[in-house]
Amino acid sequence: MQHSIKAGEHGPLGVPMAHAVETCVHCGFCLAACPTYQEFGQEMDSPRGRIVLMKQVLEGSLAWTEAQPHMDRCLGCLACEPACPSGVPYRDLISPFRAVAREKMERTSGEKLRRWLAELTIPHPGRFRLALAGAKVGRAMGGLVPEMLRPMLSLAPAKVPDAVTLPSVTAAQGERRARVALLAGCAQQVLDPDINVATIEVLTRNGIEVVVPQAQGCCGGLSWHVGNLPAAQAFARQNLNAFPADVDAILTNAAGCGSAMHEYHLILRGTPDEARAAAFEKRVMDVSVFLMKLGLREKPQAVQVVGGGAGGGLKVAYLDACHLANAQGVREQPRALLRTIPGAELCELANAHLCCGSAGTYNLDQPETASSLGAQKAQAVLATGADVVASGNIGCLTQLKVHLEKLGSPVRVRHTMQVLRDAYRAGEAEKAGK
Ligand code: SF4
Ligand code: SF4
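Residues numbered from 1 in each chain as written. Chains lettered and ligands numbered in written order. Predicted model: local features only at pLDDT ≥ 70, side-chain atom pairs only at ≥ 80, totals over all residues.

Describing the overall build of the protein
Phase 1: Scanning the protein for helices and strands turns up 23 helices and nine strands.
Phase 2: Taken over C-alpha atoms, the radius of gyration comes to 21 Å for the protein, in line with the 22 Å a tight globule of 434 residues would show.
Phase 3: Summarising its shape, the C-alpha atoms of the protein cover approximately 75 × 50 × 45 Å along the three principal directions.
Phase 4: With 434 residues in all, the protein has 50% of them scored as buried.
Phase 5: Taking all contacts inside the protein whose residues are at least 6 apart in sequence as the whole, residues at least 24 apart take part in 78%. (Helix = DSSP H or I, 4+ residues; strand = E, 2+ residues; numbered from the N terminus. Rg over C-alpha atoms; globule rule 2.2 N^0.38 Å. Buried ≥ 20, exposed ≤ 12 C-beta atoms within 10 Å, placed from the backbone. Contact = placed C-beta atoms within 7 Å.)

Have a look at this one:
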């Protein structure tokens, strides 16, 4: 698309944004893949429409606030990227645009408060835990809580699991085949700390030593996706310094975190840390990718205690997290891992490309759209008749739990690593005759 954007006027992120705009040929193939185009049915809420809006704003011919509602409605799910035959790097446009637009957008005081609270708490496990405890009180207060904050209350779990302290190093079982460092994830370690426990167990069972750097922080994804570039840069730098060089890979088990860490070169673009960030992110991969690369040394033996059906088999629906499938291109590896479980039958969801509506803080900022997408995803899971639904992102797991519970569904919602770990343990229990 032709444009007259003066990239230099928009700081270090100007060039990637201008490049993304000029790659778009306006063909419209991306429209059918976009969840918000499906929800709102208008061009300005499609990828193509948003690219035009961002182009006009960056050129200076459209007011920032004119584009704002449509930019706010974008999930950042990147379903538009694999659908685009011209290879438009939409990720190089949307988050950078939000970063340069942050000061120019108009927000009500309620919106500002909600965004401030989310950024103040979610990336910090201690504060997030406190905030969830506060949400319990808030729920009891019901109508006294300002309307703007109610989505936060409705998404907070009724019970927060006890905190788990992960060891700095967990030795490999048997002969060591590899050594990795794990990002513990900030919201994940509060909402479901067992995911990290399961991940470490699966890795160590397969001869992989796991280091959990104690100085690590949030991946920076939440800040990046809401346009808070200075905060995203601070988190990125913290992790560049915290993760050791003497590991075979830096692993993530939350798709949103992995995706953000793969964008450190963009987050730190134009700073002295840019080259270091580019080298760092090459070492980052999802845990499923690393396990499939190395190969499982120990195969799971049984499925019974992971919630199998009456016939003893286990029907597992796999939910593609957008930031794993679209942002990192990881689709096959988690499925391949689940297929190693004897008796497990993997099933696919209808409209699998559509985001579940979680999308970072989207379900707080755009609760109606998020809720509509979450309900559709829960219905798609139910339609499969699955016993368990597995995914690789805490946001998707939380969103799905909320919507399956609303439907009164008994389907269990688990991280892929939890399903695998449970299968390993079930195999052992079976062997021991328990
Ligand atoms: S499919 Fe790609 S090139 Fe075509 S309109 Fe969408 S973003 Fe532009
Ligand atoms: S990121 Fe998702 S919601 Fe945003 S334009 Fe692309 S497909 Fe649509």
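Considering the packing of helix H19 (residues 332-339) against helix H23 (residues 416-431)
Phase 1: The geometry of H19 relative to H23 is characterised by a closest axis approach of 10 Å and an angle of 20 degrees between their N-to-C directions. The orientation of H19 with respect to H23, classified from their angle, is roughly parallel. Once H19 is placed against H23, the crossing between them reads as left-handed. Residue-level contacts link Pro334, Leu337 and Leu338 of H19 to Thr416, Val419 and Leu420 of H23. (Axes fitted to C-alpha atoms, helices over the stretch in contact; angles between N-to-C directions. Parallel < 35°, antiparallel > 145°, perpendicular 65-115°, else oblique. Left-handed = near helix turned anticlockwise from the far one by under 90°.)

Regarding the site of ligand 2
Phase 1: Lining the immediate environment of ligand 2, one finds 14 residues, of which Cys34, Pro47, Cys74, Cys77 and Cys80 sit closest.
Phase 2: For the shell around ligand 2, the elements supplying multiple residues, two or more each, are helix H2 (35-40) and helix H3 (47-59).
Phase 3: When its residues are assigned to classes, the shell around ligand 2 shows 11 nonpolar, two polar and one charged. (Near = placed C-beta within 6 Å. Nonpolar A, V, L, I, M, F, W, Y, C, P; charged D, E, K, R; others polar.)

Quick look at the sheet that holds strand E5 (residues 284-286)
Phase 1: Reading across the sheet, the five strands line up as E1-E3-E2-E4-E5 and stay open at both edges, with mixed pairing between neighbours. Among the strands making up the open sheet, the edge pair consists of strand E1 (169-170) and E5.
Phase 2: By the bridge criterion, two bridges tie E1 to strand E3 (residues 208-211) in an arrangement that is antiparallel. Paired with Val169 across the bridge in E3 is Val211.
Phase 3: Seen against the sheet, helix H11 (residues 194-205) touches E1, strand E2 (178-182) and E3 and runs at an angle of roughly 145 degrees to E3. (Pairing = 2+ DSSP bridges.)

Notes on the domain arrangement of the protein
How big an interface is tends to be expressed through the accessible area that disappears when the partners come together.
Phase 1: Parsing the protein into structural domains produces domain 1 (7-101), domain 2 (109-155), domain 3 (169-294) and domain 4 (304-431).
Phase 2: Here the C-alpha centroids of domain 1 and domain 3 sit 28 Å apart.
Phase 3: Taken together, the 12 residues of domain 1 in the interface contact nine residues of domain 3. (Domains from an automatic or database assignment.)

Observations concerning the site of ligand 1
Phase 1: The full set close to ligand 1 counts 14 residues, and Cys24, Cys27, Cys30, Arg48 and Cys84 are the nearest of them.
Phase 2: Sorting elements by how many residues they give to the shell around ligand 1 places H3 first, with three residues.

Quick word on helix H7 (residues 109-121)
Phase 1: Across its 13 residues, H7 extends 18 Å between first and last C-alpha, which sits within 8% of the 18 Å expected from 1.5 Å per residue.
Phase 2: Among all positions in H7, only Arg114, Ala118 and Thr121 are buried. Down the axis of H7, the buried side of the element spans an arc of 90 degrees, and every buried residue falls inside it. Of the residues in H7, the exposed ones pointing more than 90 degrees away from the buried face are Ser109, Lys112, Trp116 and Leu120. (Expected span 1.5 Å × (residues − 1). Arc of directions from axis to C-beta.)

Focus on the pairing of E3
Phase 1: Burial along E3 is one-sided: the residues Ile208 and Val210 are buried and none of Glu209 and Val211 is.
Phase 2: Where E2 lies against E3, four bridges are found, and the strand directions are parallel. Directly across from Ala178, in E3, lies its bridge partner Ile208.

Focus: the packing of helix H1 (residues 14-23) against helix H6 (residues 91-101)
Phase 1: Close contact between H1 and H6 brings their axes to 8 Å; oriented N to C, the two are set at 135 degrees. Compared by their axis directions, H1 and H6 come out oblique. In this structure, H1 meets H6 at a crossing whose hand is left-handed. Facing Pro16, Met17, His19, Ala20 and Val21 of H1, the residues of H6 in contact are Asp92, Leu93, Pro96 and Phe97.
Phase 2: When its residues are assigned to classes, the contact of H1 with H6 shows seven nonpolar, one polar and one charged.

Points about the sheet that holds strand E7 (residues 344-347)
Phase 1: In spatial order, the strands read E7-E6-E8-E9; together these four strands make up an open sheet with parallel pairing. Each edge of the sheet is formed by a strand with only one pairing partner; in this case those strands are E7 and strand E9 (412-415). Going from strand to strand, the sheet's axes swing by 30 degrees on average, the running direction of each strand aside.
Phase 2: In this fold helix H22 (residues 394-406) packs onto strand E8 (388-391) and E9, with an angle of close to 175 degrees to the strand it touches most, E9.

A look at unusual backbone geometry
Phase 1: Phi angles above zero are rare outside glycine, and His26 is one such case at about 65 degrees.
Phase 2: Along the chain, His26 falls in the loop between H1 and H2.
Phase 3: The exposure class assigned to His26 is exposed, which follows from the 9 C-beta atoms found within 10 Å.
Phase 4: For Leu78, which is not a glycine, the phi torsion comes out positive at approximately 65 degrees.

Description of the environment of Glu263
Phase 1: Positionally, Glu263 belongs in the loop between helix H14 (255-261) and helix H15 (264-267).
Phase 2: As for Glu263 and Asp194, which are separated by 69 residues in sequence, their C-alpha atoms are 27 Å apart.
Phase 3: In contact with Glu263, not counting residues within four places along its chain, are Arg91 and Trp224.

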